[in-house]
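The primary structure of each chain is shown beneath.
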Protein chains: 2
Amino acid sequence: MDIQNYMQTLGRQARAASRALAAASTAAKNDALFAMAAEIRARRDALLAANARDVEEARAAGLEPALLDRLMLTGKGIESMAAGLEQVAALPDPVGEITDVKRRPSGIQVGKMRVPLGVIGIIYEARPNVTADAAALCLKSGNAAILRGGREAINANRAIAACVRAGLAAAGLPEHAVQVVETTDREAVGALITMPEFVDIIVPRGGKGLIERISRDAKVPVIKHLDGNCHVYIDDEADPGKIVPIVENAKTQRYGTCNTAESLLVARDIADLYLPEIARMLAAKGVEMRCCAESLALLREAAIDGATLVAATEADWREEYLAPIIAVKIVADADEAIAHINAYSSGHTEAIVTENYTKAMRFLREVDSASVMVNASTRFADGFEYGLGAEIGISTDKIHARGPVGLEGLTSQKWIVFGNGEVRK
Amino acid sequence: MDIQNYMQTLGRQARAASRALAAASTAAKNDALFAMAAEIRARRDALLAANARDVEEARAAGLEPALLDRLMLTGKGIESMAAGLEQVAALPDPVGEITDVKRRPSGIQVGKMRVPLGVIGIIYEARPNVTADAAALCLKSGNAAILRGGREAINANRAIAACVRAGLAAAGLPEHAVQVVETTDREAVGALITMPEFVDIIVPRGGKGLIERISRDAKVPVIKHLDGNCHVYIDDEADPGKIVPIVENAKTQRYGTCNTAESLLVARDIADLYLPEIARMLAAKGVEMRCCAESLALLREAAIDGATLVAATEADWREEYLAPIIAVKIVADADEAIAHINAYSSGHTEAIVTENYTKAMRFLREVDSASVMVNASTRFADGFEYGLGAEIGISTDKIHARGPVGLEGLTSQKWIVFGNGEVRK
């Protein structure tokens, strides 16, 4: 198989399909999504069988248990895949939205129209449900999709792709609107990310290694998410009743998510008053604390039962632990907190706990991260919690889309002009 | 001089200054712009003298007359540079704008805040006035700027940079908010476009060669403008009174601008009725017509005085002539026009002339270009005509900013959350 040629063919077909999709009615796109859901439910046993082959091969190849877990489909998982397609059908169609129309002195009326990006390449790892998810989000936003899943999931992905194609056909949409790369050759990824003539944007979903590799080599823009080194800053004017609940939720609700807090900053003036209380909660949950010299001394003095206290190194201020560990630092004030965050954060999500209006507004404005919060847990940084209805990923880039990326992040705005025969003077 | 080291220093200083600029008040930014304008007026003679040295050296080096013309500053040019700074001061400050705040079921209020991109690298050629223009737009949008002008203009650029620094100092803003690269070594450009840790976006302004080179080598996003192969489509339901004026303005008002029409598409049903009339106007203006076989036969038969008719080749459909030449093609209908445009256009600006509502709306939606117009001249695709107040360039990319890029295009939106102690369930 000539991989370059094959990928070029997929690209050319996607580009052609994208024209029809951009013009497709909301009804046709929704019909396709409902038909895909019905196909997935109807072919439940075939999907389970295909997935069982993947799992068997992966197990024989010695895939680690965490990856096997992501690879595995259950009856419940298949139902939630189908339900997910129907949920995307229920979301408002972003395409064609006209905004900001203003009449200019020349007589023309100028505004913006929301339009699909064109062709989106999605590169992901073992989870086969991403195939259905990503297909749905790209379709609803009027984009053609080329999906490249992990080699471990190839049988399930092919089976899901067949459901997607059947759904497209049922709604009269072009069959190449969603294409699944049928080869597991790695060269296909290299080709996909270097065809600017056919692919408008790449969304990698997976581990940091995958994303760094793709960002480095891509010749088209990449919507990417790297680290989530999120901070919670407890100001000296924090409401005492909000401190522990927010830190507890931000750090301990889930350890492995990108919006989990990894660093805690505490204002010096209230550190001796509240840091021991926070530390008792963290110790009770088994969270190790990597402390600056000052907080280390304070917490050692507090002699908290079961607390694991470790002296922090410079590396701790940058670390995304994804584990029951948190970096702890005492800072002079909100100024030092903002400076620390802007120096060490990965730009994902940061929160301040304060009752002071001016410090809250300054934190919102001056902290340079995709999501900035006042008196709320960093765990809210999520497409569903923000009301996007769905999420293709969370961007830590500053260009185009920042933070949770929903349907709107898969579109852009062009200028439109309503004229009446005007010419330029 | 160690260029890499020097550029890293500029980058580090720009990043530090960008934090202060993001937090700067509108008043301070405007004060700086007014002070810069005053400095430029006060140092008029020094600027003219610096420019005279540039011009002398460029003439001795045999620079071509068109470039010499761009390089040359006059008293009037200096006044308009100063006035331009004051105009940017008068524009609304985009930074800090809060929009779309919605309360979510969890209790949090989620919205978006407009924020600067951070550090912008501007790479341009001989025009020294770009130094003042770009400094003003970056400053007003809260971004630090690193400006790399053409080697021919280095003396004037240094003199303008001194005015900019004086203006920043007068307003109490960091001196590194705007930095002019002081070396003419080409390696500086290579360094500037490959420092993602210090530079967030590159805006190249200049010829196609420069822009292609930068886009190829950059390791940060580039807001770029390549070709402007703009189309006018005359539908069979066009208002006869609008046809000739729009084609005339779109093609002949100025030949060298990117929003000038380069291709004319005419619906078959009205071609014999109106194409000769259009051709008479074009012939009178000395515009050569590169015609498809059908239009060539039609226009030869019409025997128009002074018309230069040439058989078009495939290459003509893609060409940006920037000259008194236009490609002419007869198409079956709006469908074929849209398909032709999406196949051959550079994605800059296209116009339909029609009285038919449905075809107008379809053209607006389905033509995949940065600006799409109904019954108006393509020449309107311009930041000033669109009401942006100023323009750093016109983007033919689909990501982030499409079409004319003003202050808003130099910003992005982050998510903000107003909470009241909420935690995620």
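Just so it is clear, the structure is predicted and the values come from calculations on it, not from any experiment. (Residues numbered from 1 in each chain as written. Chains lettered and ligands numbered in written order. Predicted model: local features only at pLDDT ≥ 70, side-chain atom pairs only at ≥ 80, totals over all residues. Heavy atoms only, no water.)

A closer look at the sheet that holds strand 16 (residues 411–422) of chain B
- With respect to topology, 10 strands assemble into an open sheet ordered 10(A)-9(A)-11(A)-8(A)-7(A)-12(A)-13(A)-16(B)-2(B)-1(B), the strand pairing being mixed. Strands with a single pairing partner mark the edges of an open sheet, and in this sheet they are strand 10 (309–311) of chain A together with strand 1 (98–103) of chain B. Strand-to-strand twist in this sheet, taken as the mean axis angle between neighbours without regard to direction, amounts to 25 degrees.
- Strand direction decides the pairing type here: strand 12 (residues 349–353) of chain A and strand 13 (residues 371–376) of chain A, joined by 4 bridges, are parallel. Looking at strand 13 of chain A, one finds that Thr349(A) is bridged to Ser371(A). (Pairing = 2+ DSSP bridges. Helix = DSSP H or I, 4+ residues; strand = E, 2+ residues; numbered from the N terminus. Axes fitted to C-alpha atoms, helices over the stretch in contact; angles between N-to-C directions.)

Remarks on the UniProt feature "domain: Aldehyde dehydrogenase" (unreviewed entry) in chain A
Residue and element names in this part refer to chain A.
- With numbering aligned to this structure, UniProt lists the feature "domain: Aldehyde dehydrogenase" (unreviewed entry) at residues 12–280 and 316–381.
- End C-alpha to end C-alpha, residues 12–280 measures 60 Å, and it is 52% helix and 17% strand.
- Helix makes up 32% of residues 316–381 and strand 27%, with an end-to-end C-alpha separation of 22 Å. (UniProt positions renumbered as here; feature names shortened; annotations may be inferred.)

Description of the sheet that holds strand 6 (residues 201–205) of chain B
All names here are of chain B.
- The parallel open sheet is built from 4 strands, whose spatial order is 5-4-3-6. Unpaired on one side and paired on the other, strand 5 (178–180) and strand 6 mark the two borders of the sheet. Between one strand and the next, the sheet's axes are offset by a mean angle of 20 degrees, whatever the strand orientation.
- Sheet topology places strand 3 (residues 119–124) next to strand 4 (residues 144–148); 5 bridges connect them, and they run parallel. Pairing of Ile-120 across the sheet is with Ala-145, part of strand 4.
- Sheet contacts for helix 9 (residues 208–217): strand 3 and strand 6; angle to strand 6, the most-contacted strand, approximately 160 degrees. (Contact = heavy atoms within 4.5 Å.)

Some remarks on empty space enclosed by the protein
- Enumeration according to the criterion identifies 2 cavities of 30 Å³ or more in this entry.
- In this structure, the largest cavity encloses a volume near 120 Å³.
- Taken together, 15 residues make up the lining of the largest cavity; nearest its centre are Asp368(A), Ser18(B), Arg19(B), Ala22(B) and Pro116(B).
- Elements represented by at least two residues in the lining of the largest cavity include exactly helix 14 (357–366) of chain A together with helix 1 (3–23) and strand 2 (109–116) of chain B.
- With 4 residues, helix 1 of chain B is the single largest residue contributor to the lining of the largest cavity.
- Counted by class, the lining of the largest cavity contains 5 nonpolar, 3 polar and 7 charged residues.
- Approximately 50 Å³ is the volume found for the second largest cavity.
- In terms of residue class, the lining of the second largest cavity is built from 3 nonpolar, 5 polar and 2 charged. (1 Å grid on protein atoms, 1.4 Å probe; cavity = no way out; pocket = protein on both sides within 12 Å on 5 of 7 lines; lining within 4 Å. Points joined across faces, edges and corners; volume = space filled by probe spheres on them. Nonpolar A, V, L, I, M, F, W, Y, C, P; charged D, E, K, R; others polar.)

Thoughts on the packing of helix 3 (residues 44–60) of chain B against helix 7 (residues 154–170) of chain B
Residue and element names in this part refer to chain B.
- Remark: helix 3 packs on helix 7, axes separated minimally by 7 Å, with the N-to-C direction vectors making an angle of 160 degrees. Looking at the two axes, helix 3 sits roughly antiparallel to helix 7. Relative to helix 7, the crossing made by helix 3 is left-handed. Residues Leu-47, Ala-50, Asn-51, Arg-53, Asp-54 and Glu-57 of helix 3 pack against Ile-154, Asn-155, Ala-156, Ala-159 and Ile-160 of helix 7. (Parallel < 35°, antiparallel > 145°, perpendicular 65-115°, else oblique. Left-handed = near helix turned anticlockwise from the far one by under 90°.)

What about the relation of the copies chain A and chain B?
- Note on the copies: chain A fits chain B at an RMSD of 0.0 Å, the axial shift is 0.0 Å, and the rotation between them is 180 degrees. With respect to symmetry, the two chain copies, as superposed, fit the operation of a two-fold axis. No C-alpha of chain A lies nearer the rotation axis than that of His400(A), which sits 1.9 Å from it.
- The fraction of interface residues of chain A whose copies in chain B are also interface residues reaches 100%, indicating that both copies meet through the same surface. (Least-squares fit on C-alpha atoms with pLDDT ≥ 70 in both.)

As for the environment of Ala126(A)
Residue and element names in this part refer to chain A.
- Its location among the elements puts Ala-126 in the loop between strand 3 (119–124) and helix 6 (129–140).
- Residue Ala-126 is classed as buried on the basis of its relative accessible area of 5%.
- Separated by 21 residues in sequence, Ala-126 and Leu-147 place their C-alpha atoms 13 Å apart.
- Excluding residues that lie within four positions of it along the chain, Ala-126 makes contacts with Leu-67, Arg-70, Leu-71, Glu-152 and Ala-153. (Buried < 20%, exposed > 50% of the residue type's maximum accessible area, 1.4 Å probe, protein only.)

Details of the interface of chain A and chain B
- Counting residues at the interface gives 72 residues for chain A and 72 residues for chain B.
- In terms of surface lost to chain B, no three residues of chain A exceed Arg365(A), Trp415(A) and Arg424(A), which account for 16% of the buried area on that side.
- Our count for the chain A to chain B interface comes out at 10 salt bridges.
- Note that Arg424(A) and Glu385(B) form a salt bridge whose closest N and O atoms lie 3.4 Å from each other.
- Taken together, the connections running from chain A to chain B amount to 55 residue pairs in polar contact (both at pLDDT 80 or more).
- With 11 residues, the single largest contributor to the side of chain A that touches chain B is strand 16 (residues 411–422) of chain A.
- In the sheet, strand 16 of chain A pairs with strand 13 (residues 371–376) of chain B via 5 bridges, with the strands oriented parallel. Bridge pairing in strand 13 of chain B places Trp415(A) opposite Ser371(B). (Buried area = accessible area lost by both parts, 1.4 Å probe. Salt bridge = Lys/Arg side-chain N within 4 Å of Asp/Glu carboxyl O. Polar contact = N/O pair within 3.5 Å; in protein donor to acceptor, adjacent residues only side chain to side chain.)

As for the packing of aromatic side chains
- Counted by the stated rule, this structure contains 2 aromatic pairs over all chains.
- Ring geometry for Tyr386(A) versus Trp415(B): centroids 4.8 Å apart, planes at 40 degrees, classification tilted. Placement of the pair is Tyr386(A) in the loop between strand 13 and strand 14 (393–395) and Trp415(B) in strand 16, with the two residues belonging to separate chains.
- In this structure Tyr386(A) comes out as buried when scored by relative accessible area, which is 5%.
- Looking at Lys329(A), its charged tip hangs above the ring of Trp317(A), at a distance of 5.4 Å from the centre. (Phe/Tyr/Trp six-rings, centres within 6.5 Å; stacked < 30°, edge-to-face > 60°. Lys NZ or Arg CZ within 6 Å of the ring centre and 35° of its normal.)

Here's the deal with the packing of helix 2 (residues 26–42) of chain B against helix 7 of chain B
Residues and elements named next belong to chain B.
- At a closest axis distance of 7 Å, the pairing of helix 2 and helix 7 adopts a crossing angle of 140 degrees. On the basis of the axis angle, helix 2 is oblique to helix 7. The two elements helix 2 and helix 7 cross, and the hand of that crossing is right-handed. Along the contact surface, helix 2 presents Ala-32, Ala-35, Met-36, Glu-39 and Ile-40, while helix 7 presents Cys-163, Val-164, Ala-166, Gly-167, Leu-168 and Ala-170.
- Partitioned by chemical class, the residues of the contact of helix 2 with helix 7 number 9 nonpolar, 1 polar and 1 charged.

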